[in-house]
Structure formats: structure tokens, C-alpha cells
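Coordinate analysis (summary)
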Amino acid sequence: MDADRPVYRVQPERGRWKLSRNDEMVEIFEAKLDAVEEGRKRARAEHPSQLVIHGRHGVVEVESIY
């Protein structure tokens, strides 16, 4: 991973979904899809960047580089 590339993550957080950037919380969402959409939007706007999407149990499901 490129150290200069921001990493956005969508992770479960107490029954909701947390979007973070470089381990700093950005926003909490009720629905995973909403968190993923916002994460994609932000990652695409900040090229080069990475989006990592975790499942309900914390396992990485998808990694995308923009």
C-alpha cells in the first residue's frame, strides 16, 4: 500500500456502519449501502485512494483502488 494514499474503510460499529479515513471516523450510517456509497464517492474524489469494505463480522469483503 502506498503510504500517501488515503484509505477509507466501511466497518460495522454497534449495529451501524462507520466510514473512516485513515482510521479517523468520518460518519456513521444506519445502512451499509449508504456507507459504501459515501465511501466510494469520497475515495474517487481523492485520487489516488483506497476503499476497504468489511462485512458484518469485520472480515474484508472488497478492496478497491481509485
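Attention in this report is confined to the structure presented alongside it. Remember, predicted model here, so these are calculated numbers, not experimental data. (Residues numbered from 1 in each chain as written. Predicted model: local features only at pLDDT ≥ 70, side-chain atom pairs only at ≥ 80, totals over all residues. Heavy atoms only, no water.)

A few words on helix α1 (residues 32-45). Here α1 is 14 residues long and its end C-alpha atoms lie 20 Å apart, about the 20 Å a rise of 1.5 Å per residue gives. Residues of α1 that are buried: Ala 35, Val 36, Glu 38, Gly 39 and Ala 43. All buried residues of α1 project into a common sector of 170 degrees when viewed along the axis, lining one side. Facing away from the buried side of α1 by over 90 degrees, the exposed positions are Leu 33, Lys 41, Arg 44 and Ala 45. In this structure, the buried residues of α1 make contact with β1 (7-13), β2 (16-21), β3 (24-29) and β4 (50-54). (Helix = DSSP H or I, 4+ residues; strand = E, 2+ residues; numbered from the N terminus. Expected span 1.5 Å × (residues − 1). Buried < 20%, exposed > 50% of the residue type's maximum accessible area, 1.4 Å probe, protein only. Arc of directions from axis to C-beta. Contact = heavy atoms within 4.5 Å.)

A regular strand carries its side chains on alternate faces of the sheet. Of the strand pairs in this sheet, β4 and strand β5 (residues 60-65) are connected by 5 bridges, and their pairing is antiparallel. Residue pairing in the sheet places Val 52 in a bridge with Glu 63 of β5. Between the end of β4 and the start of β5, which pair antiparallel, lie 5 residues, with Gly 58 showing a positive phi angle near 90 degrees. (Pairing = 2+ DSSP bridges.)

Taken in spatial order, the 5 strands make up an open sheet running β3-β2-β1-β4-β5, and their pairing is mixed. Only two strands of the sheet have a single partner each, and these edge strands are β3 and β5. Shown here is a sheet whose adjacent strand axes are inclined to one another by a mean of 20 degrees, direction ignored. By the bridge criterion, 6 bridges tie β1 to β2 in an arrangement that is antiparallel. From the neighbouring strand, Arg 9 faces β2, where its bridge partner is Ser 20. (Axes fitted to C-alpha atoms, helices over the stretch in contact; angles between N-to-C directions.)

This part takes up the nonpolar core. Of all hydrophobic cores here, the largest spans 11 residues; its members are Tyr 8, Val 10, Trp 17, Leu 19, Phe 29, Ala 35, Val 36, Ala 43, Leu 51, Ile 53 and Tyr 66. Put simply, the parts of the chain that give this core at least two residues each are β1, β2, α1 and β4. Of the residues forming this core, the biggest block, 3 residues, is contributed by α1. Contacts of Val 10, omitting those with residues within four sequence positions, involve Trp 17, Lys 18, Leu 19, Ala 35, Val 36, Leu 51, Val 52, Ile 53 and His 54. (Core = buried A, V, L, I, M, F, W, Y, C linked by side-chain atoms within 4.5 Å.)

Our focus in this paragraph is the environment of Asp 34. Examined against the element boundaries, Asp 34 turns out to sit in helix α1. Distance from Asp 34 to Leu 19, taken between C-alpha atoms, is 9.8 Å for residues 15 residues apart in sequence.

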